[in-house]
Amino acid sequence: MNLNEHAYIILKYILDFSFDEIFITDAKGNIIYTRKSEEKLFGIPHDKILNQNVFDLENEGIFVPSIIAKVLKAGKEKTLVQETRNKRKLIISGYPISDENNTLIGAISFSRDITEVETLKKENEHVAAAIERYRQEIVALKSQPWMQLQRKNSKMDKVLEVAYKVADLDVTVLIDGESGVGKNYLARELHEISSKRDMPFIEVNCGAIAETLIESELFGYEEGAFTGAKKGGKKGYFEAASEGTLFLDEIGELPMNLQVKFLSVLQDQFFMRVGGNKKIEKQCRIICATNQNLEDMIHQKRFREDLYYRINVMKLTVPPLRERREELACLVHEITEEFNAKYNMKKYFLPELVAWIKKQKWPGNIRELRNFIEKAMIISDTDEITLGIVGIIKNKESINFHEDMTLHEYIEGMEREFIVQMYNKYPSSIQLGKKLGISQSTANRKIQKYIGCSQK
């Protein structure tokens, strides 16, 4: 075999096994080489493509447009996207072929089928659009959390119904309820669902500020109003709230002298800074909250009756958690997700633990529930939080291994841990009793004692 024959064989292998489809024509556009696989792309037999003219095939709509026709006309390389009669999408690059005298003798093109790539690209675009749509829906749902929870609690539903009605009314709202029921949460939601949502929301705990400071904190002060006053004075919470919402928590803790001034602000719609004489218009919406019985405080001369009626234009009473058991599963999920985000975790509560939570009284309401969930998530060694965590938490809270611990306390602590672990494996008094070799009634008493729920 001479060198020319050897080179021809190598060239033929290169052409036949190239990843790209290859067309070669002469200077007039007559096809002198193409692979049989072209039939799949263009829908015509291989032998009918050979010796055909690309200009004629372009006119017949087989090559639309023809890259080689463009190369032959322009005498320079071209790249374009072409769609075949078989609806295949190709990206094609064409190059002129010249001899040693720089005379055009033909053209060659390399075609790559990108139909599947384009299909995947469109599918990815659809998926991305769907993800973005879902993301926006989630954001919208999170902005109205009560609407998405489906808590099915008639008492809370009535509170929320009234809340949505008064959200955009410029009336003073009084929120009352036991400690920890989420009064500040309701106040913030009233702000978020109102037209003031883009304005400031200022939360002030009236019981957490020293009596000597609360007036200047609420109303601000002028320069030189008292020893230590900042140069230029300072805005108070009323000014800082601007046209937004000022939430006064624990309003029952407001001193009597400030109750008079607060009443004046509500009546006259203006106030003055401490040490100042300039009237400043009140622009913010007022929401107050308390866990005390203000009517009893009125009888005890600890709260002004006229102020009570001023802030009690619309009252929202948040029921305690023990009256809202239907929403506990949703609350557990919400709070768990909140702490997952805070601590970069992926933990979740198993159904039997959620069922146990729903049976508890939670005298500290949501605040106590949050405390329990946070402890459980921090203490748990696995993402899956089981009922066994209850005993571990109780054990840590009630059993301290001090040197003065009695033998009874030590034994009880060990028994608690053992019962909780076994109950996690055998979650009924019948199974547990059989496994431990004790009666069902004894097993039930120990479950009640150490886990807090009775089993039949």
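Bear in mind that the values here come from a model prediction, so they are computed numbers and not experimental data. (Residues numbered from 1 in each chain as written. Predicted model: local features only at pLDDT ≥ 70, side-chain atom pairs only at ≥ 80, totals over all residues. Heavy atoms only, no water.)

**Q** How should the sheet that holds strand β3 (residues 78-83) be read in this particular structure?
**A** With respect to topology, five strands assemble into an open sheet ordered β2-β1-β5-β4-β3, the strand pairing being antiparallel. Strand pairing shows two members of the sheet lacking a second neighbour, β2 (31-34) and β3, which therefore form its edges. Across this sheet, the average inter-strand angle for adjacent strands is 25 degrees, counted without regard to direction. Relative to strand β5 (residues 104-113), strand β4 (residues 89-98) runs antiparallel, the two being bridged by nine bridges. Bridging from a neighbouring strand, Ser98 pairs with Leu104 of β5. (Pairing = 2+ DSSP bridges. Helix = DSSP H or I, 4+ residues; strand = E, 2+ residues; numbered from the N terminus. Axes fitted to C-alpha atoms, helices over the stretch in contact; angles between N-to-C directions.)

**Q** Please explain helix α12 (residues 256-268) as it appears in this structure.
**A** Think of an α-helix as 3.6 residues a turn; residues three or four steps apart then line up on the same face. The first and last C-alpha atoms of α12 sit 19 Å apart over 13 residues, in line with the 18 Å expected at 1.5 Å per residue. Among the residues of α12, Leu258, Gln259, Phe262, Leu263, Val265 and Leu266 are the ones counted as buried. Taken down its axis, α12 places every buried residue within 155 degrees of arc, on the same side. Buried residues along α12 sit against α10 (211-219), α11 (237-241), β8 (245-249), β9 (270-271), β11 (285-290) and α14 (305-311). Taken from the residues just after α12, Gln269 is the one with a positive phi, measuring 65 degrees. (Expected span 1.5 Å × (residues − 1). Buried < 20%, exposed > 50% of the residue type's maximum accessible area, 1.4 Å probe, protein only. Arc of directions from axis to C-beta. Contact = heavy atoms within 4.5 Å.)

**Q** Just checking my understanding: could you explain the pattern of salt bridges for this structure?
**A** Pairs can form between side chains of opposite charge once their charged atoms are near each other. Counted under the stated rule, the structure contains eleven salt bridges. Between Lys261 and Glu215 there is a salt bridge whose closest N-O contact spans 3.1 Å. Linking Lys261 in helix α12 with Glu215 in helix α10, this pair joins segments that are 46 residues apart in sequence. Salt-bridge contacts for Lys342 lead to Glu374; the nearest nitrogen and oxygen are separated by 3.9 Å. In this pair, Lys342 sits in helix α15 (residues 328-343) while Glu374 sits in helix α17 (residues 365-379), placing the two residues 32 residues apart along the sequence. A residue is classified by how much of its surface remains accessible, and Glu374, at 21% relative accessible area, is partly exposed. In the salt-bridge network here, residues are joined through shared partners; they are Glu222, Glu239 and Arg273. (Salt bridge = Lys/Arg side-chain N within 4 Å of Asp/Glu carboxyl O.)

**Q** For this particular structure, what's the right way to read the confidence of the model for the protein chain?
**A** Low-pLDDT portions of the prediction should not be read for the details of their coordinates. The predicted model of the protein chain averages 82 in pLDDT, with 80% of residues at 70 or higher. Across residues 141-151 the pLDDT falls below 50, and counting only partners more than four positions away or on other chains, this stretch makes 22 contacts in the model. pLDDT under 50 marks residues 399-404. Its contacts with residues more than four places away, or in other chains, come to eight contacts. (pLDDT = per-residue confidence, 0-100.)

**Q** Which parts of the structure should I look at to understand the packing of helix α20 (residues 429-436) against helix α21 (residues 440-450)?
**A** Two quantities define a packed helix pair, namely the angle between the axes and the distance from one axis to the other. With their axes 8 Å apart at the nearest point, α20 and α21 run at an angle of 110 degrees to one another. One element, α20, and the other, α21, form an angle in the roughly perpendicular class. Between α20 and α21 the crossing geometry is right-handed. Residues Ser429, Ile430, Leu432 and Gly433 of α20 form the contact with α21, whose own contacting residues are Gln440, Ala443, Asn444 and Ile447. When the residues that make up the contact of α20 with α21 are grouped by side-chain class, the tally is four nonpolar, four polar and no charged. (Parallel < 35°, antiparallel > 145°, perpendicular 65-115°, else oblique. Left-handed = near helix turned anticlockwise from the far one by under 90°. Nonpolar A, V, L, I, M, F, W, Y, C, P; charged D, E, K, R; others polar.)

**Q** What is the right way to read unusual backbone geometry from this model?
**A** The phi dihedral of Asn344 falls on the positive side, at around 55 degrees, and the residue is not glycine. Here the phi dihedral of Trp362 falls at roughly 50 degrees; this positive angle occurs in a residue that is not glycine.

**Q** I'm lost on the sheet that holds β11 in this one. Help?
**A** The strands that make up a sheet are held in pairs by hydrogen bonds between backbone atoms, and each pair lies either parallel or antiparallel. Across the sheet, which stays open at both edges, the five strands sit in the order β7-β8-β11-β6-β12 with parallel pairing between neighbours. Each of the sheet's edge strands pairs with one partner strand only, and the pair in question is β7 (201-205) and β12 (314-317). Averaged over all pairs of adjacent strands, the angle between their axes in this sheet comes to 20 degrees, without regard to strand direction. With respect to the sheet, helix α9 (residues 183-192) is in contact with β6 (173-176), β7, β8, β11 and β12, its orientation differing from that of β6 by roughly 150 degrees.

**Q** Which parts of the structure should I look at to understand the packing of aromatic side chains?
**A** Both the distance between ring centres and the angle between the ring planes are used here to describe each pair of aromatic rings. All chains considered together, the criterion is met by twelve aromatic pairs. Considering the side-chain rings of Phe201 and Phe247, the 6.3 Å spacing of their centres and the 25 degrees angle between planes classify their relative orientation as stacked. Residue Phe201 is located in strand β7, and its partner Phe247 is located in strand β8; the two are separated by 46 residues in the primary sequence. Among the residues examined, Phe201 registers a relative accessible area of 13% and is labelled buried. Taking the relative accessible area as the measure of exposure, Phe247 reaches 0% and is therefore buried. Here a set of aromatic residues connected by ring pairs shows up, and it is made of Phe219, Phe238, Phe262 and Phe271. (Phe/Tyr/Trp six-rings, centres within 6.5 Å; stacked < 30°, edge-to-face > 60°.)

**Q** Can you walk me through the pairing of β4 in this structure?
**A** Every regular strand shows the same layout, with side chains that alternate between the two sheet faces. As judged from the six bridges shared by β3 and β4, these two strands associate in the antiparallel manner. Residue pairing in the sheet places Gln82 in a bridge with Leu90 of β4. Where β4 folds back on β5, the antiparallel hairpin that results is connected by five residues, among which Asn102 adopts a positive phi of roughly 65 degrees.

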